[in-house]
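Here is what each chain is made of, one letter per residue.
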Amino acid sequence: MTAAERAPLLQVRDLRTYFYTRAGVVKAVDGVDFAVQRGEIVGLVGESGSGKSNVCLSILNLVPKPAGRIVSGEIVLEGTNLLGLSERAMRTVRGRDVAMILQDPLSSLNPVFTVGDQVGEALRVHGRVSGDLRERVIGALQKVHIPGASTRLRDYPHQFSGGMRQRVMAAIAISCAPKLLLADEPTTALDVTIQAQFLQLMRELREGDLGILYVTHDLGVVAQLCDRVLVMYAGQIVESGTVEQVFHAPRHPYTAALISSVPVLGAKRRRLYQIEGQPPNPLAPPAGCRFHPRCPQADDQCRAAMPEPATDGNVTYRCWHPLNGRLSVTP
Amino acid sequence: MTQTAITPLLEVNQLTKRFPLRRSLALWREPPAVRAVEQVSFQINEGATYGLVGESGSGKSTIARLVLLLEKPTAGEVRFAGESIFPMRGRPLRAYRSRVQAVFQDPSSSFSPRMRVSEILGELPMLHQGLRGQARRERVSGLLELVGLPPAYAGRFPHEFSGGQRQRLAIARAISTNPRMLVLDEPVSALDVSIRAQVLNLLADLQQQLGLSYLLIAHDLAIVQQVSDMIGVLYLGHLVEECPSEELTAQPLHPYTRALLSAVPVPDPARRAKALPLQGEIPSALDPPPGCVFHTRCPLALPRCAAEEPPLITVAPHHQVACHLVPGQVSP
Ligand SMILES: Nc1ncnc2c1ncn2[C@@H]1O[C@H](COP(=O)(O)OP(=O)(O)OP(=O)(O)O)[C@@H](O)[C@H]1O
Ligand SMILES: Nc1ncnc2c1ncn2[C@@H]1O[C@H](COP(=O)(O)OP(=O)(O)OP(=O)(O)O)[C@@H](O)[C@H]1O
Ligand code: SF4
Ligand SMILES: [Mg+2]
Ligand SMILES: [Mg+2]
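Summary of the structure given here.

1. A word on the interface of chain B and chain A
Point 1. Taken residue by residue, the interface counts 44 residues in chain B and 47 residues in chain A.
Point 2. In total, chain B and chain A occlude about 3800 Å² of area from one another, counting both sides; carbon and sulfur atoms represent 55% of this.
Point 3. In this structure, Asp 205 of chain B engages Arg 271 of chain A in a salt bridge whose closest nitrogen and oxygen atoms are separated by 2.5 Å.
Point 4. When contributions to the side of chain B that touches chain A are tallied by element, the ones reaching two or more residues are helix 6 (193-210), helix 7 (221-227), helix 8 (245-250) and helix 9 (255-263) of chain B.

2. Here we look at the packing of helix 5 (residues 115-125) of chain A against helix 6 (residues 133-143) of chain A
Residues and elements named next belong to chain A.
Point 1. Between helix 5 and helix 6, the shortest axis-to-axis distance is 9 Å and the interhelical angle comes to 105 degrees. Of the possible angle classes, the one that applies to helix 5 and helix 6 is roughly perpendicular. Residues Val 115, Gly 116, Val 119, Gly 120, Leu 123 and Arg 124 of helix 5 form the contact with helix 6, whose own contacting residues are Leu 133, Arg 136, Val 137, Ala 140 and Leu 141.
Point 2. A per-class count over the contact of helix 5 with helix 6 returns seven nonpolar, two polar and two charged.

3. Structural notes on the pairing of strand 9 (residues 228-233) of chain A
Residues and elements named next belong to chain A.
Point 1. Of all six residues in strand 9, five are buried; the element is thus mostly enclosed.
Point 2. Inspection of the sheet shows strand 3 (residues 41-46) paired to strand 9 by five bridges, in the parallel sense. Within strand 9, the position partnered with Val 45 by the bridge is Val 231.
Point 3. Between the antiparallel neighbours strand 9 and strand 10 (residues 236-242) lie two residues, among them Ala 234 with a positive phi of about 50 degrees.

4. Looking at the sheet that holds strand 5 (residues 83-84) of chain B
Residue and element names in this part refer to chain B.
Point 1. Read across the open sheet, the four strands follow the order 2-1-4-5; overall the sheet is antiparallel. Single-partner strands in this sheet number two, and they are strand 2 (33-44) and strand 5.
Point 2. Relative to strand 5, strand 4 (residues 75-80) runs antiparallel, the two sharing two bridges. Directly across from Phe 80, in strand 5, lies its bridge partner Glu 83.

Criteria and cut-off values
Residues numbered from 1 in each chain as written. Chains lettered and ligands numbered in written order. Predicted model: local features only at pLDDT ≥ 70, side-chain atom pairs only at ≥ 80, totals over all residues. Heavy atoms only, no water. Contact = heavy atoms within 4.5 Å. Buried area = accessible area lost by both parts, 1.4 Å probe. Salt bridge = Lys/Arg side-chain N within 4 Å of Asp/Glu carboxyl O. Helix = DSSP H or I, 4+ residues; strand = E, 2+ residues; numbered from the N terminus. Axes fitted to C-alpha atoms, helices over the stretch in contact; angles between N-to-C directions. Parallel < 35°, antiparallel > 145°, perpendicular 65-115°, else oblique. Nonpolar A, V, L, I, M, F, W, Y, C, P; charged D, E, K, R; others polar. Buried < 20%, exposed > 50% of the residue type's maximum accessible area, 1.4 Å probe, protein only. Pairing = 2+ DSSP bridges.

The structure is reproduced here in structure tokens:
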């Protein structure tokens, strides 16, 4: 094994993506570090506005301009810092190495072309057509389990259900055999039974070397699908580790509170644990630890200084008073 | 059973709603229609919560809209405290509207942006109870306090609130008429995960304090189970199973209920789903399958299922199922 093969597929270091708005600076991503290995599914979980989508957009260098800007950091894909690439080189990376699936496939599919045309176009652009294009398109649609692929390729996107459209998006995304797949809330709009089918598809796709960064606000999806998880709060990763560790022995009070506040099927409680207060104002996040106004253990140190990431075994957390490794918040 | 002695607060009997398509090509034939709700019956007791679950398009919101008189039924009736609601006119109708209020998924769209909180919350008490001046101001403060908002917010506009606070405001407005029942259609789906528990706990507290009954609609099974006493499972407009909330996970009987339960992602990596997900998609409500509506996706379907519609049968006290295999091959 060479050093490059042992290094992670994707290594993000100290990423900062800010928006310069009239009302002030929004630090959408503020000092984020993580890695994705080959064949690994990493969950990125957090509430609305915590910065999840902007992590993905930063990796693709698609942060909305001119307000949004990557102000610092490194995004290293197989040894290459993507932030140092020209826009032209970046376009190749986007088509060939990194693919993305979004929550709303209708916005990314062209309504006036058939699904077959669009999958065929994706295959052609990436020069992966040997032999009959039609056969290749059918093969791509079959790989994502679209029933009746040979007839459905003549249909238009609006003739597909939400779940089937997401599969078409997956077919297009993997048509270039990418190394990294960014999935930004792909099942948020889907029914649970259709979501379960899509999660199964994700598991099949990563059997190979594909690394997947899976964005969601659903802790259940993370627990069911992912190998590791990154918990985001107000632009920062407050805890990361294997799903077993983070779910069974969270170190950060926010992670613990979030897990405790979710109702679990078959485990009815008189009252749910509730996190007090509101998510922070992105224009004026709290000083010190960003979670301190809502944290039951906050003290003067938490209010004064931002905790730096600390690593203990395979878990990394940002907290002055980490929990001792048990789900210890009690309702 | 002692239970049967209690008159339910809300009785839904054989409720059916079809939406006919405008253009009918052949006048002599029955025009095609979306079969949104098909002969659904259930009851809600005083002070209890009835949860309706089902996937998108299963008819949950249509039932809510029928109960709220926002839609006319094709057939069937709804009784509230013994009175049939669809024929109501005049004073009984006004009384019903103040007794049954609603909270929807997106509260921002239901507030007029130019009305202050004091007007939003004072409007219905003024109309229904004739509250004015100081009495009205006190009522507004009281409502804000009940839903956990500072009374000082009375002068604010809805857009100055966060999503969770706006939902509290919607709940305050709903209880401003002293209702006996709230219809809650996806009340927390638009909220952040950390805010959902706050709103669900608030709803539980208000139910205790005010003795409210709830008709709760949500696609999140865990939330519905957390809150409900009884649960009804809808598939393509049909009620396929009904049971007490604890039995939903302990003893689900209908193959669809089981499939739905196993598709819910449990937030515990030690409890990963082992069963393969349900295949296929929900058929069109314009042309629902004959026989059992679920037979096209059912892993256990028999030839009989495609031909004969299974009746809803009672298998245990308060537990009803519509499946040819129950009781029978489906082991509990
Ligand atoms: N174009 C923009 N201009 C100004 N601020 C923006 C812009 N896009 C995003 N932001 C801000 O950046 C922060 C992070 O947004 P982002 O979309 O990454 O969050 P998210 O975690 O993906 O949220 P969601 O779960 O709602 O998708 C938010 O506070 C958001 O308001
Ligand atoms: N006004 C209408 N005209 C025609 N069809 C309608 C109308 N309202 C609802 N429907 C149809 O009735 C069926 C039931 O819809 P309904 O909104 O009740 O489902 P739901 O269970 O609330 O779904 P969701 O979870 O997506 O909110 C669907 O097929 C829907 O398309
Ligand atoms: S640093 Fe302090 S405020 Fe922040 S999570 Fe840890 S204990 Fe709570
Ligand atoms: Mg997002
Ligand atoms: Mg609905």
